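Residue-level listing of the chains:
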Amino acid sequence: MNTEAVIVTDKLTKRFGPFIACNELTFQVDKGEIFGFLGANGAGKTTAMRMLCGLLNPSSGKATVAGFDVYTQANRIKQRIGYMSQRFSLYDDLTVSENIRFFGGIYGMSISDIKKKTSALLSELQLEKEAKTLVRDIPPGWKQKLAFSVSIVHGPDIVFLDEPTGGVDPVTRRQFWDLIYEAADKGVTVFVTTHYMDEAEYCNRVSIMVDGVIADLDAPARLKTKYQVSSMEEVFYALARNAVRKAD
Amino acid sequence: MKQLLVFIRKEFLHVFRDRKTLLMLFGLPIAQIVLFGFALSNEVKDSKIAVVDYSKDIMTRQIINKVGANPYFEIESNLKSATDIDAAFRKGNIKVALVFPDNFSTDLIHTGTATVQVIADGSDPNLATTVTNYISTVIADYTASLSLQEGHPVQVQPEIQMLYNPDLRGAPNFIPGVMALVLMLVCTMMTSVSIVREKELGTMEILLVSPFNTTYIILSKLAPNLLISLVNLFIILVLSDLFLDLPVKGSIVLLVFCSILFILTCLSIGLLLSISAKTQQAAMMGSLMGMMLPTMLLTGFLFPIENMPLPLRLLSNLVPSRWYFIIVKQVMLKGLGIGAVWKETLILAVMAFGLFAISLRNFKIRLQ
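None of these values were measured; they are calculated from a predicted model.

Participant: Any details on the sheet that holds strand S4 (residues 60-65) of chain A? Residues and values, ideally.
Facilitator: Residues and elements named next belong to chain A. In space, the four strands of this open sheet follow the order S2-S1-S4-S5, with antiparallel pairing throughout. Here the strands that pair on one side only, and so sit at the sheet edges, are strand S2 (19-30) and strand S5 (68-69). The sheet contact formed by strand S1 (residues 5-16) and S2 spans eight bridges and is antiparallel. Directly across from Arg-15, in S2, lies its bridge partner Ile-20.

Participant: Residues and numbers for the side chain of Asn-225 of chain B, please.
Facilitator: All names here are of chain B. By the secondary structure assignment, Asn-225 is in helix H9 (residues 214-243). Of the residues examined, Asn-225 reaches a relative accessible area of 3% and is grouped as buried. Sequence-distant contacts of Asn-225, defined by excluding residues within four places in its chain, comprise Cys-187, Met-190, Thr-191 and Leu-267.

Participant: For the domain arrangement of chain B, give the residues involved together with the corresponding values.
Facilitator: Considered domain by domain, chain B is made up of domain 1 (2-39 + 172-362) and domain 2 (45-163). Look at where the C-alpha atoms of domain 1 of chain B and domain 2 of chain B centre, and you get two points 45 Å apart.

Participant: Residues and numbers for the packing of aromatic side chains, please.
Facilitator: Within the structure shown, the criterion is met by 20 aromatic pairs over all chains. Arranged with centres 5.5 Å apart and planes meeting at 10°, the rings of Phe-27 of chain A and Phe-35 of chain A form a pair that is stacked. Judged by relative accessible area, Phe-27 of chain A falls into the buried class, the value being 6%. Relative to Phe-212 of chain B, the ring of Phe-7 of chain B lies with its centre 4.8 Å away and its plane at 20°, an arrangement referred to as stacked. Within this pair, whereas Phe-7 of chain B is found in helix H1 (residues 2-17), its partner Phe-212 of chain B is found in the loop between helix H8 (203-209) and H9, the two being separated by 205 residues in sequence. Among the aromatic side chains, those forming a connected cluster through ring pairs are Tyr-91, Phe-102 and Phe-103 of chain A together with Phe-7, Phe-212 and Tyr-216 of chain B. The lysine or arginine in question, Arg-173 of chain A, covers the ring of Tyr-196 of chain A, its NZ or CZ lying 3.8 Å from the ring centre. When the ring centre of Trp-323 of chain B is taken as origin, the NZ or CZ atom of Arg-322 of chain B, which lies over that ring, is 4.9 Å away.

Participant: Describe the interface of chain B and chain A, listing the residues and the values that go with them.
Facilitator: Tallying the contact residues gives 27 residues for chain B and 33 residues for chain A. A salt bridge links Arg-197 of chain B to Asp-93 of chain A, with the shortest nitrogen-to-oxygen separation between them at 3.5 Å. Along the contact surface separating chain B from chain A lie nine residue pairs in polar contact (both at pLDDT 80 or more). At the level of elements, H1, helix H7 (174-201) and H8 of chain B are the ones that each hand at least two residues to the side of chain B that touches chain A. It is H1 of chain B that provides the largest number of residues to the side of chain B that touches chain A, a total of nine residues. Here the side of chain B that touches chain A is built from residues that sort into 11 nonpolar, six polar and 10 charged.

Participant: Run through the environment of Leu-242 of chain B, naming residues and quoting values.
Facilitator: With respect to the helices and strands, Leu-242 of chain B occurs in helix H9. In this structure, the C-alpha to C-alpha distance between Leu-242 of chain B and Asn-317 of chain B, residues 75 residues apart in sequence, is 33 Å.

Participant: Hey, could you go over empty space enclosed by the protein for me, with residue numbers and the actual values?
Facilitator: All chains considered together, the criterion is met by one cavity of 30 Å³ or more. There is about 90 Å³ of room inside the largest cavity. Gly-82, Tyr-83, Ser-89, Leu-90, Phe-103, Tyr-107, Ala-147, Val-150, Ser-151, Val-153 and His-154 of chain A together with Ile-206 of chain B are the residues that line the largest cavity. For the lining of the largest cavity, the secondary-structure elements that each account for two or more residues are strand S6 (81-84) and helix H5 (140-151) of chain A. Broken down by element, the lining of the largest cavity gets its largest block of residues, three residues, from H5 of chain A. Here the residues of the lining of the largest cavity are counted per class, giving eight nonpolar, four polar and no charged.

Participant: I'd like to hear about H9 of chain B, residue by residue, with values.
Facilitator: Here H9 of chain B spans 44 Å end to end across 30 residues, near enough to the 44 Å set by a 1.5 Å rise per residue. Asp-245 of chain B sits one or two residues past H9 of chain B and shows a positive phi near 60°.

Participant: Lay out the layout of surface pockets in plain terms, naming residues and giving numbers.
Facilitator: Residue and element names in this part refer to chain B. In this structure, the second largest pocket spans a volume of roughly 620 Å³. Taken together, 27 residues line the second largest pocket, and the ones lying closest to its centre are Asp-18, Thr-21, Met-190, Val-193 and Arg-197. Elements that contribute at least two residues to the lining of the second largest pocket include exactly H1, helix H2 (19-44), H7, H9 and helix H11 (280-298). Of all the elements, H7 adds the most residues to the lining of the second largest pocket, at eight residues. Of the residues that constitute the lining of the second largest pocket, the class distribution is 14 nonpolar, five polar and eight charged.

What counts, and where the lines are drawn
- Residues numbered from 1 in each chain as written.
- Chains lettered and ligands numbered in written order.
- Predicted model: local features only at pLDDT ≥ 70, side-chain atom pairs only at ≥ 80, totals over all residues.
- Heavy atoms only, no water.
- Pairing = 2+ DSSP bridges.
- Helix = DSSP H or I, 4+ residues; strand = E, 2+ residues; numbered from the N terminus.
- Buried < 20%, exposed > 50% of the residue type's maximum accessible area, 1.4 Å probe, protein only.
- Contact = heavy atoms within 4.5 Å.
- Domains from an automatic or database assignment.
- Phe/Tyr/Trp six-rings, centres within 6.5 Å; stacked < 30°, edge-to-face > 60°.
- Lys NZ or Arg CZ within 6 Å of the ring centre and 35° of its normal.
- Salt bridge = Lys/Arg side-chain N within 4 Å of Asp/Glu carboxyl O.
- Polar contact = N/O pair within 3.5 Å; in protein donor to acceptor, adjacent residues only side chain to side chain.
- Nonpolar A, V, L, I, M, F, W, Y, C, P; charged D, E, K, R; others polar.
- 1 Å grid on protein atoms, 1.4 Å probe; cavity = no way out; pocket = protein on both sides within 12 Å on 5 of 7 lines; lining within 4 Å.
- Points joined across faces, edges and corners; volume = space filled by probe spheres on them.
- Expected span 1.5 Å × (residues − 1).

In structure tokens:
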């Protein structure tokens, strides 16, 4: 694995009034890595992700994403990242290819690039026949995979996935992860939050957030050895059961 | 710039895909105007007339018969004195009264002119105008044939008097009112709903994470609504010219310019609404209750503002449609130029750019 770091944070903190959502997060994500970001609801995952995406200004600490500073170069960061949230995030009333064209277009891709990408992407997903179908008419599993492909259509360095497989059946989830692996093989760094502990096993490294701090961070295998358990589920439980914060 | 075009294209796709809404958007002004047009033509038939004939000669009788023979009118009663007219109107069954003075035919034969009073119920201004116009035509008809008979021109001067509502507010008020209402509804509701929809869908987050400029998001949201509103404006103007006989008397450029100012104001209000609304329903209710009611009540086309209590009169100054309504009335109906409406135009311009600046500033660049 390449050891070039694409996300570096140093005591990254976000306060909302007296509430500390993220407390001195310090970690590093390498290029091409699949980095799992775990935590119970309300642990501060989404806040951390938003700061890294340039949606939220940190209260203190430092962070760079793709080599750009989150305070001063948010716009440069936005150009280099992709994002997909738990909520399905394509336009229902546009066709598959119109969606691709739109999202490619707002990243400033040229029409010919978009066309090339569109046909490559559709054949990869075996959706060629559905190019002119409205997104609302294609099955949910396909939508999810399409949404992921669209989020990396502009060739970002890093893609942030916020609980991307929420409400998806196990088979589709497995296929979804195949897509993630493919992207990672091409050098895209994947930063993913999830609730599914089987998915945590698929990550190269995971960080587990509890009450706004990173409770532990390592490869899944090493975490299991460290806590002397057989699954990530038990690792998570060992760390999260002492959480004070209620879910939001 | 290219990104902006991509975005605007997407917005238009949204609009054109949603056939139902599209139909409603363009159906709204047409329905309002057609309804109004029908209401207008139906009511005039068989209007009941009261007659006060002080002269009681052959000519007055001829005129009365001529009026009575007209399908639009029906002679309801012969009153003895003009003092009974008010009571007859208050009973509500007559729409118009004719009063022939003493010496009607003597005056007509000797001096060549005579007057007849035409008194109409101004509280129903549409009807009053139409009815008095018809009667004037019938009388003009009669004098024309009489002139031929007599061999020299004679003239009967109808003296038109409106009871209860002397300056006839209402009739031509309708079109400017519909314009204000339709533009306000389309702009405010469409804008707020289309932005809140992206929030609900989760696509707003994607847009905010992208390098796409927030100002561009707003501009592209406004573009289709601006176009739809201008098309609506055009439909209303054409329909009112064709069916209601209300052409644009003044400068169309001035009218369109002021309409754009008003549209911009409404779009900005829609933006402001979308900032606080969490769901599409909330946005829709907000625009209906928050904008439609004040527009209907405080614009002056349903209820005259002059008759309102002071607090409401002061409040009406804040309603943009009130100023737009005045401009449309002056420019479209009276044919006045910028000299007559510069004050209202200025107020509208300040509102438009002020609200636009506020909504731009408040539109959250970062999702909280």
